[in-house]
Amino acid sequence: MTTSSSERGVSLGMPQLPPPAYPDDVRARLETDARDVIARYPDSRSALLPLLHLVQAEEGHVTRTGMQFCADVLGLTTAEVTAVATFYTMYRRRPSGDYQVGVCTNTLCAVMGGDAIFEELQEHLGVGNGETTGDGKVTLEHIECNAACDFAPVVMVNWEFFDNQTPDSAKSLVDDLRAGRPVTPTRGARMCTFKETARVLAGFPDEREGAVESGGSAGPASLVGLKLAKGEASSARVVHPRGEAARTGAPHEPSPTEHLSSHDAPQDTSASDPAHPAGPTAEEGE
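Definitions and cut-offs
- The residue numbering used here restarts from 1 in each chain and proceeds along that chain's sequence as written.
- Only residues with pLDDT of 70 or above have their local features reported here, since the model is predicted, and side-chain atom pairs are shown and tallied only from 80 upward, although totals for entire chains, interfaces and linings are computed over all residues.
- Think of the side-chain values as coming from all heavy atoms in the structure, minus any hydrogens and water.
- Remark: nonpolar core denotes a set of buried residues (Ala, Val, Leu, Ile, Met, Phe, Trp, Tyr, Cys) joined through side-chain atoms within 4.5 Å.
- The cut-offs for exposure are 20% and 50% of the maximum accessible area for each residue type, with area from a 1.4 Å probe on protein chains only; residues under the lower value are buried, those over the upper are exposed, and the others partly exposed.
- Comment: elements are numbered from the N terminus, with helices defined as DSSP H or I runs of at least four residues and strands as E runs of at least two.
- At least two bridges found by DSSP between two strands are what make those strands a pair.
- For this document, the term salt bridge refers to a Lys or Arg side-chain nitrogen within 4 Å of an Asp or Glu carboxyl oxygen.
- Axis definition: a line fitted to C-alpha atoms, limited for helices to the stretch in contact. Angles are taken between N-to-C directions and run from 0 to 180 degrees.
- Each angle is binned into one of four classes, with values under 35 degrees roughly parallel, values over 145 roughly antiparallel, values of 65 to 115 roughly perpendicular, and all other values oblique.
- Each crossing gets its handedness from the near helix: less than a right angle anticlockwise from the far helix is left-handed, clockwise is right-handed.
- Should any heavy atoms of two residues lie within 4.5 Å, those residues are considered in contact.
- For this classification, Asp, Glu, Lys and Arg are treated as charged, while Ala, Val, Leu, Ile, Met, Phe, Trp, Tyr, Cys and Pro are nonpolar and the rest, including Gly, are polar.

I'd like a rundown of the nonpolar core, residues and numbers included.
Counting residues in each nonpolar core, the largest one holds 24 residues, and the members touching the most others are Leu48, Leu51, Leu52, Leu54, Cys70, Leu74 and Val81. Put simply, the parts of the chain that give this core at least two residues each are α1 (24-38), α2 (48-59), α3 (64-74) and α4 (78-85). Val101, Leu140, Phe162 and Val183 belong to the second-largest nonpolar core, a separate cluster that totals 19 residues.

Describe the pairing of strand β3 (residues 138-143), with residues and values.
Most of β3 is tucked away: five of the six residues are buried. Direction of pairing for strand β1 (residues 99-104) relative to β3: parallel, over a ladder of six bridges. The residue bridging Val101 from the neighbouring strand is Leu140, located in β3. Where strand β2 (residues 131-132) and β3 come together, two bridges link them in antiparallel fashion. What sits directly across from Glu131, in β3, is Leu140. Count of turn residues in the β2/β3 antiparallel hairpin: five residues, of which Gly136 carries a positive phi of about 75°.

Break down the sheet that holds strand β4 (residues 155-157) for me, with residues and values.
Across the sheet, which stays open at both edges, the five strands sit in the order β2-β3-β1-β4-β5 with mixed pairing between neighbours. Each having just a single partner strand, β2 and β5 (160-162) make up the two edges of the open sheet. Both β4 and β5 contribute to a ladder of three bridges, which runs antiparallel. Across the sheet, residue Val155 finds its bridge partner in β5, namely Phe162.

Which residues make up the pattern of salt bridges, and what values go with them?
Tallied over the full model, the rule gives eleven salt bridges. Of the charged contacts, one joins Arg27 and Glu31 as a salt bridge, the two residues approaching to 3.0 Å between their closest N and O atoms. Linking Arg27 with Glu31, this pair stays in helix α1, spanning four residues, or about one helical turn. We note a salt bridge from Asp168 to Lys171, for which the minimum N-O separation is 3.8 Å. Placement of both Asp168 and Lys171 in helix α6 (residues 167-179) is noted, with a separation of three residues, approximately one turn of the helix. Salt bridges here are not isolated pairs; linked through shared partners, they connect Arg27, Glu31 and Asp72.

Summarise the packing of helix α5 (residues 107-125) against α6; cite the residues concerned and give the values.
The geometry of α5 relative to α6 is characterised by a closest axis approach of 9 Å and an angle of 40° between their N-to-C directions. As summarised for this structure, α5 and α6 are arranged oblique, according to the angle between their axes. Where α5 crosses over α6, the handedness of that crossing is right-handed. Here Ala116, Ile117, Glu120, Leu121, His124 and Leu125 of α5 come into contact with α6, specifically with Pro167, Ala170, Lys171, Val174, Asp175 and Arg178. Residues belonging to the contact of α5 with α6 are distributed by class as follows: seven nonpolar, one polar and four charged.

Got a sec to walk through the packing of α2 against α4? Specific residues and values, please.
Direction vectors running N to C along α2 and α4 enclose 80°, while the axes themselves pass 11 Å from each other. Relative to α4, the element α2 is oriented roughly perpendicular. Here α2 contributes Leu48, Leu49 and Leu52 to the contact with α4, which in turn contributes Glu80, Val81, Val84 and Ala85. Of the residues that constitute the contact of α2 with α4, the class distribution is six nonpolar, no polar and one charged.

Fair warning: the whole summary comes from geometry, so function is off the table for now.
Structure representation (structure tokens):
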């Protein structure tokens, strides 16, 4: 029995057909929104990123139709638009869920429990990385860093933070999302769908009640550097090297120009400390 080239997934080099056009009413509405976006920029090409969010808000992911629309209104080629849409992971290339659940599995979150959270969510939801539940509610993915290390392990849903998660709390979170129960992030406004989030990222007002007033900030550990840069007094303590007893007396408050940790301070080396000369350089493999 033989199979055709199409059944084997082999391309014969035939040109791809043009994408289907948006319905007239949808295109007219998108063109009105696109004009508002383009007017914000001195160079219309700069509007490509928010316009990709705009078309993503329409269909839940960036389709060939959406990319053709962006190319048309900006006077770009579809190749130029595709190059941008495929570069950034915030643009989805295939249908996905109402809620993008990203579990940080980078080093700190992983050792704090991120790997366990991701594994248990896969089993709990019955999906793999980048896959969507059968009800179309949740797409699960691992993320390399959510930029909230002082709250590790962190789960992010449609770019909103859920801090200090455990496998049980993460499973409760996705269950609430699938059941349509109200969910409020650790920091930020209550959850909205991925399409609604995409429209906000395109630069349009967030019309959820209380969304503008809601907010959050980085944790104390993340803000130490900012305080030092502003010349504010630091409450950080000096960490003594291993084996060195802490000095007695009142704790020393470092100035903004001092090292916050003795591990950051210059250490004695063979070049600076004659009492500890370096041995002969060994050949590779010795």
